[in-house]
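Spelled out, the chains give:
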Amino acid sequence: MDDIHNCYRRTCRIIILSKSIIISNSDVKALIKHAKSEEPKESCALLIGNETEYDWNVKEVFLTENMDSSKINFTISPEQELEVDTIARKKNMEIVCIFHSHPNSEAKPSITDKKFMSVNPFPWIIYSCESDQMKCFIFKNNTLEQISIKDS
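So, here's what we can say about the structure. (Residues numbered from 1 in each chain as written. Predicted model: local features only at pLDDT ≥ 70, side-chain atom pairs only at ≥ 80, totals over all residues. Heavy atoms only, no water.)

**What to know about the pairing of strand β4 (residues 94–102)**
At step 1: With eight of its nine residues buried, β4 lies for the most part within the structure.
At step 2: With six bridges joining them, strand β2 (residues 44–51) and β4 adopt antiparallel strand pairing. Within β4, the position partnered with Ile 48 by the bridge is Ile 95.
At step 3: Two strands pair when backbone bridges link them, and β4 and strand β5 (residues 124–128) are joined in this way by five bridges, in the parallel orientation. Residue pairing for β5: Phe 99 is matched across the bridge by Ile 125. (Buried < 20%, exposed > 50% of the residue type's maximum accessible area, 1.4 Å probe, protein only. Helix = DSSP H or I, 4+ residues; strand = E, 2+ residues; numbered from the N terminus. Pairing = 2+ DSSP bridges.)

Here it is, written out as C-alpha cells:
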C-alpha cells in the first residue's frame with residue numbers, strides 16, 4: 001500500500017450566502033406611495049412570491065389596511081391575510097414578506113416589531129417616511145439580521 005496516497009485529504013470550502021429580497025422598482029415605488037398616503041399612520045402590506053435557496057422573489061404587492069390606525073403600530077386583519085394567502089396559493093406562490101412604514105422614525109425594527117417578527121418568521125421591509133430609507137430585516141435564532149433589497 002502506498003501510504004502517501006492513503007493520506008490524501010479533501011478540503012471543502014463552505015460559503016454561506018445571505019438571502020436577499022428581490023423586488024421590482026415599481027413595487028418599491030407603490031410601497032413608498034402607500035406609506036406616504038397613510039401618514040401620519042403606519043402603512044402595511046403583504047408581498048407574495050417565491051422563496052428560493054438564495055432569495056425571496058416578490059411577484060405581487062397587496063396594500064393592506066392598518067386596523068390599528070396608529071402612528072406607532074400596525075395590524076393586518078386575519079381576513080386580509082387569509083385572502084392574500086389564498087390568492088398566493090392559487091398562483092403557486094406564498095407570502096414572502098411583510099411591509100410597514102415608520103412615519104416618524106428610522107427604518108429599523110422597534111421593540112414591538114421585534115416581538116412580532118419572532119412569531120412571524122418572514123422578512124420585514126420597513127420604510128422610514130422621515131429619512132426616505134427602506135430596509136429589510138429578519139429575526140431568526142433570536143438574532144436580528146438585515147437583508148439586502150435588490151431590484152428585479
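**Side note on helix α2 (residues 25–38)**
At step 1: Between its first and last C-alpha atoms α2 spans 20 Å; for 14 residues at 1.5 Å apiece the expected length is 20 Å, and the two agree.
At step 2: All buried positions along α2 are accounted for by Asp 27, Val 28, Leu 31, His 34 and Ala 35. The arc that holds the buried residues of α2, viewed along the axis, is 125 degrees, so those residues lie on one side. Seen from the buried face of α2, the exposed residues on the opposite side, beyond 90 degrees, are Ser 26, Lys 29, Lys 33 and Ser 37.
At step 3: Elements in contact with the buried residues of α2: β1 (20–23), β2, β3 (55–64), β4, β5 and β6 (133–140). (Expected span 1.5 Å × (residues − 1). Arc of directions from axis to C-beta. Contact = heavy atoms within 4.5 Å.)

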